Amino acid sequence: MAAMAVADVDGLGVVGERLEAFAADVLAAAMNRPVQMVNGGLYLRGLLEDGSRKSLEPLVARLGGEADYQSVQQFLADSPWDPGLVVRAVAERVAPMIDVQAWVLDDTGFPKDGKRSPGVKRQYSGTLGKIGNCQIGVSVHAVGRKGTVPLGWALYLPEEWCEDAERRRAAKIPTEVEFKTKPELGIDLVQRACGWEIPAAPVLGDQAYGDNSELRECLHETGVEYVLSVGEVASVFAPETVFSLPERNGKTGRSRSRLRPDRKPESIGALIARLGPGAAQTVTFRDGPDGQPVTSRFIFTRVRALKRWKTGAHTEPHEEWLIAEWPEDREAPTDYWLSNLPADTEPEQLARLARLRWTIELDYKQLKGELGLDHYEGRSWLGWYHHTALVTAAHGYLTLERQNPNRPRLA
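Residues numbered from 1 in each chain as written. Predicted model: local features only at pLDDT ≥ 70, side-chain atom pairs only at ≥ 80, totals over all residues. Heavy atoms only, no water.

Before we move on, can you summarise the environment of W381 with the specific residues and values?
Inspection of the secondary structure puts W381 in helix 14 (residues 381–401). Residue classification places W381 among the buried residues on the basis of a relative accessible area of 8%. Expressed as a C-alpha distance, the spacing of W381 and R168, which sit 213 residues apart in the sequence, is 9.0 Å. (Helix = DSSP H or I, 4+ residues; strand = E, 2+ residues; numbered from the N terminus. Buried < 20%, exposed > 50% of the residue type's maximum accessible area, 1.4 Å probe, protein only.)

Lay out the pairing of strand 7 (residues 226–230) in plain terms, naming residues and giving numbers.
With five of five residues buried, strand 7 is to be regarded as a mostly interior element. Along strand 7, one buried face is formed by Y226, L228 and V230 and the opposite face, lined by V227 and S229, is buried too.

Break down the environment of E160 for me, with residues and values.
Tracing the backbone through its elements, the reader meets E160 in helix 6 (residues 159–162). In the structure, E160 is positioned 39 residues away from K121 in sequence and 9.2 Å away in space, judged by C-alpha atoms.

Could you give me a rundown of the pattern of salt bridges, with the residues and numbers involved?
Summed over all chains, the structure comprises 19 salt bridges. Measuring nitrogen to oxygen at the nearest pair gives 3.1 Å for the salt bridge that ties D106 to R357. Residue D106 is found in strand 2 (residues 100–111), and its partner R357 is found in the loop between helix 12 (347–356) and helix 13 (359–369); the two are separated by 251 residues along the sequence. Overall, the relative accessible area of 3% leaves D106 in the buried class. (Salt bridge = Lys/Arg side-chain N within 4 Å of Asp/Glu carboxyl O.)

Talk me through the packing of aromatic side chains; I want residue IDs and the actual numbers.
Counted by the stated rule, this structure contains 10 aromatic pairs. Ring geometry for F75 and W81: centres 5.2 Å apart, planes at 20°, overall stacked. Judged by relative accessible area, which is 2%, W81 ranks as buried. Between the aromatic rings of F237 and F243, the centroid separation amounts to 5.2 Å while the plane-to-plane angle is 80°, which identifies the pairing as edge-to-face. Using a relative accessible area of 1% as the deciding quantity, one classes F237 as buried. Since its relative accessible area comes to 9%, F243 is described here as buried. Among the aromatic side chains, those forming a connected cluster through ring pairs are F110, W381, W384 and Y385. (Phe/Tyr/Trp six-rings, centres within 6.5 Å; stacked < 30°, edge-to-face > 60°.)

Shown next as structure tokens:
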């Protein structure tokens, strides 16, 4: 990130005043001590100012004599303020301003040395593109036409960490924290954000989340719409499947009350292959940072996802959209999605949402490259959450500043 882009000293002062007002607004709900507010404002400014590293020591050094290292370290690692309240305050301030189109659920890696940072182990990271020593953070972001804003963070704690009392104590991991999968953490984040005063939107996610039938079922049962990437081996009931009550056994047999399908479920890949490329239609939608129209070919068909439904259930599994992108120059589809959006949803809307998930990568790029999301070097569980919350606040401030590009700001 560049340094403060201002024309004169007065401009710099105006920028400082806006940042102070923003910090006071989003930090107040979580911090009730003057020293917390002071350190929070300083840390936020340190994240926004120029500098290649946003870890604590260089951040404090850039702030000169204004910040005391020991005080800021204690504020970050141990001070009892709730980071979730900061994330909520930022979301409720920023989300209404960006014309929210979707919520994106994803995870990202935080490369680490050593074994003491909470949750660190050798595990696969999409950030690294391989197995490496890292932490994994799950997050949800609101994506809009005018920007994005994180809605929550959760640090994934592997089972071996959950069972290691000594490492838990050293990292100050709360006793109530138990093992949860990444999809389970994602559900928690989505459900928490659903209670906030922010625009609701369909949840998007990659195959690691879309293939989890319990996640899809939980979102649907709580009234959350989704467009989630799935693999071709996921099973569904074809659109022509009929569910009916079987005949009772003889004249005296008990009437049947459990529905049965007239055929077995089949894999998504097999179903789309059976429909063939002739079922694809060309759809033009907006995709990409420049907002220019993009054209591709998609198959849209209504199916009933298998989920937890078993033969003998009393009700039919609910109907969903199966979406397959099948470009004209490809011999097979490139991507598949399941969505519980209404049956009358326009193809352009389904295609646009299906392809919108990639914007999360730009979010992670800014959060890490410009604001130091992955620069936290402490070994405190709470410190990780404090850092990500304050990075969220810095990101939110920049998003609001970009709504007014002609005034002096942090560029």
